[in-house]
Amino acid sequence: MPQEAELEQVIARKRQGRLAALSGEGWSLTLSLLFCGLLLAFSFPAVPVVGFWLVFLLFLWWGPPLPRTAEDSPQAQDRDEADGEPAVAFDPLAAAFDALDMPVLVISRSQQVVFQNQAAETIFGVIPPMTDLAARLRSPAILDLMRETIATGRPNQIEHSQHLPAEAVYILRAAPVMAAEAAAPPLFVLSFRDISQTRRIERMRSDFVANASHELRTPLASLRGFIETLLGPARNDPQAHARFLGIMLEQTNRMSRLIDDLLSLSRLELKAHIAPDQAVDLAPLLGHVRDALLPLAGELDVEVDLILPPTPVIVRGDGDELIQVFQNLVENACKYGQEGKRVEVRLTGGDGRPVEVAVEDWGPGMAAEHVPRVTERFYRVNVEASRSKKGTGLGLAIVKHILTRHRARLIIQSELGQGTIFTVRF
């Protein structure tokens, strides 16, 4: 019968495989015999020793034979390309690629992904073998880079930026693989070197210099003028000394607040691409923020009302940074919405619904043209009012950066004479 003949052939092939595996394990047999001899030499009972050796022999005979070469492994046999290219063995290189913290893709001549290392899985997700590169990386620049490398056989590299889920910059390098066998199909390695940190540091330095020089110019000019006055016409005027020294202290404190905010903003930019993963209960956090600002609200004659749901509302975030966000929003509402005499903080959502925290005041509000720009650095709706309230112009920029890191949104609603609502949506 044909089926019986096929079955006999399968059994014969398995038996040959077992014999090959057993012959290849000669060193194991030798060591096992030496081990059993030592046991017998130390007066161990012969029956358990012989039984152990027989069990070991049966394991070698019936156990699954290990592949001796990369071509014999199941992973290598499963990597046949759809256009008829022969299977490519990457098992010897897989461990080396997986040890790299740099994402690596191995691409075939037909621009199909043959292999990806673990770092690439973290960024792109699992890409099934022989998936078209264009189906997972839709950037025309990356695809053009691979086409040029495949056509010319020479290494090439480009700088590539992505903006979602977080801003990142990579140096992409495509290079052909030098195969050991001339008949092996051509392969190409596409590597991603992350230079986001370098770019952030460069931008941080340039922004810090530009912003600091612009904002520090005014208080420094004031300090110079007062010092020249104290050294000149007001040298012997005690009343001028007391008045000018008070103004100089105020300008110095302003510069200190400005530098603190700039450094805080710079630290946030360095870790903007790392999403926090702590579980934070917003109800007690908002209670802490209100308690901390009660003295300020009392000075401004503003009442802060906190409306919380009866159940806990948990979000993923960094507790200290979220305190900074809501403290900034409530403090701004108290200062700039002082005319309304009341600030309301509402927490809603949870249990599968979007979580929102709304901070509403009934102050003068602001015109529509200012709403899109209030989170820009040093943007002020009213410069004199902001400086009189000891604002640096960086508070809402810090809020925006923290919420971007938390993958949250800041929604601003305001009308002249109707107050303002800042809503944080997670």
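1. What about the sheet that holds strand β12 (residues 409-415)?
Either a parallel or an antiparallel arrangement is found when strands of a sheet pair, and the pairing is made through backbone hydrogen bonds.
So, point 1. With mixed pairing, five strands are arranged side by side in an open sheet as β8-β10-β11-β13-β12. In the strand order of this sheet, the two ends are held by β8 (303-307) and β12, each with one partner. Averaged over all pairs of adjacent strands, the angle between strand axes in this sheet comes to 15°, irrespective of strand direction.
So, point 2. Direction of pairing for strand β11 (residues 353-361) relative to strand β13 (residues 419-425): antiparallel, over a ladder of six bridges. Opposite E360, over in β13, you have I421 as the bridge partner.
So, point 3. Sitting on the sheet, helix α12 (residues 319-336) touches β8, β10 (342-350), β11, β12 and β13, and the angle it makes with β11 is about 30°.

2. Comments concerning the packing of α12 against helix α14 (residues 395-405)
So, point 1. For the pair α12 and α14, the least separation of the axes is 9 Å and the interaxial angle reads 145°. Crossing angle aside, the handedness with which α12 passes α14 is left-handed. Contacts between α12 and α14 involve E321, Q324, V325, N328, L329 and N332 from the former and G395, L396, I398, V399, I402, L403 and R405 from the latter.

3. Points about the nonpolar core
So, point 1. With 55 residues, the main nonpolar core has L282, F326 and L329 as its most contacted residues.
So, point 2. Those elements giving two or more residues to this core turn out to be α9 (196-231), α10 (238-270), α11 (282-300), α12, β10, β11, α14 and β13.
So, point 3. Ranked by size, the runner-up nonpolar core spans 19 residues in total, among them I107, I127, L137 and L172.

4. Points about α11
So, point 1. The first and last C-alpha atoms of α11 sit 26 Å apart over 19 residues, in line with the 27 Å expected at 1.5 Å per residue.
So, point 2. Of all the bends found along α11, the most pronounced is centred on L294 and spans about 45°, while P295, a proline, follows it within four residues.
So, point 3. Those residues of α11 lying buried are L282, A283, L285, L286, G287, V289, L293, A297 and L300.
So, point 4. Its buried side turned inward, α11 meets β7 (278-281), β8, β9 (314-317), α12, β10 and β11.
So, point 5. Just downstream of α11 lies D301, where phi reads positive at about 60°.

5. Overview of the environment of V315
So, point 1. Checked against the element boundaries, V315 lands in strand β9.
So, point 2. Those residues within four positions of V315 in sequence are excluded, and the remaining contacts are Q278, A279, V280, L282, L322, V355 and F426.

6. Side note on unusual backbone geometry
So, point 1. A positive phi angle is found at Q111, which is not glycine, with a value near 60°.
So, point 2. Within the element layout of this structure, Q111 appears in the loop between β1 (104-108) and β2 (112-116).

7. Overview of the confidence of the model for the chain
So, point 1. The predicted model of the chain has a mean per-residue pLDDT of 78, with 73% of residues at 70 or higher.
So, point 2. In the predicted structure, residues 17-25 sits below a pLDDT of 50 and forms 15 contacts with residues beyond four places in sequence or in another chain.

8. Looking at empty space enclosed by the protein
So, point 1. In the structure shown here, the tally under the stated rule is two cavities of 30 Å³ or more.
So, point 2. Its boundaries defined by the atoms lining it, the second largest cavity holds a volume of some 30 Å³.
So, point 3. As for the second largest cavity, its lining consists of L286, V289, R290, V304, L306, F326, V330 and V345.
So, point 4. At the level of secondary structure, the elements contributing two or more residues to the lining of the second largest cavity comprise α11, β8 and α12.
So, point 5. Of all the elements, α11 adds the most residues to the lining of the second largest cavity, at three residues.

Cut-offs used in this document
Residues numbered from 1 in each chain as written. Predicted model: local features only at pLDDT ≥ 70, side-chain atom pairs only at ≥ 80, totals over all residues. Heavy atoms only, no water. Pairing = 2+ DSSP bridges. Helix = DSSP H or I, 4+ residues; strand = E, 2+ residues; numbered from the N terminus. Axes fitted to C-alpha atoms, helices over the stretch in contact; angles between N-to-C directions. Contact = heavy atoms within 4.5 Å. Left-handed = near helix turned anticlockwise from the far one by under 90°. Core = buried A, V, L, I, M, F, W, Y, C linked by side-chain atoms within 4.5 Å. Buried < 20%, exposed > 50% of the residue type's maximum accessible area, 1.4 Å probe, protein only. Expected span 1.5 Å × (residues − 1). Bend = angle between axes of the 7 residues up to and from the residue. pLDDT = per-residue confidence, 0-100. 1 Å grid on protein atoms, 1.4 Å probe; cavity = no way out; pocket = protein on both sides within 12 Å on 5 of 7 lines; lining within 4 Å. Points joined across faces, edges and corners; volume = space filled by probe spheres on them.

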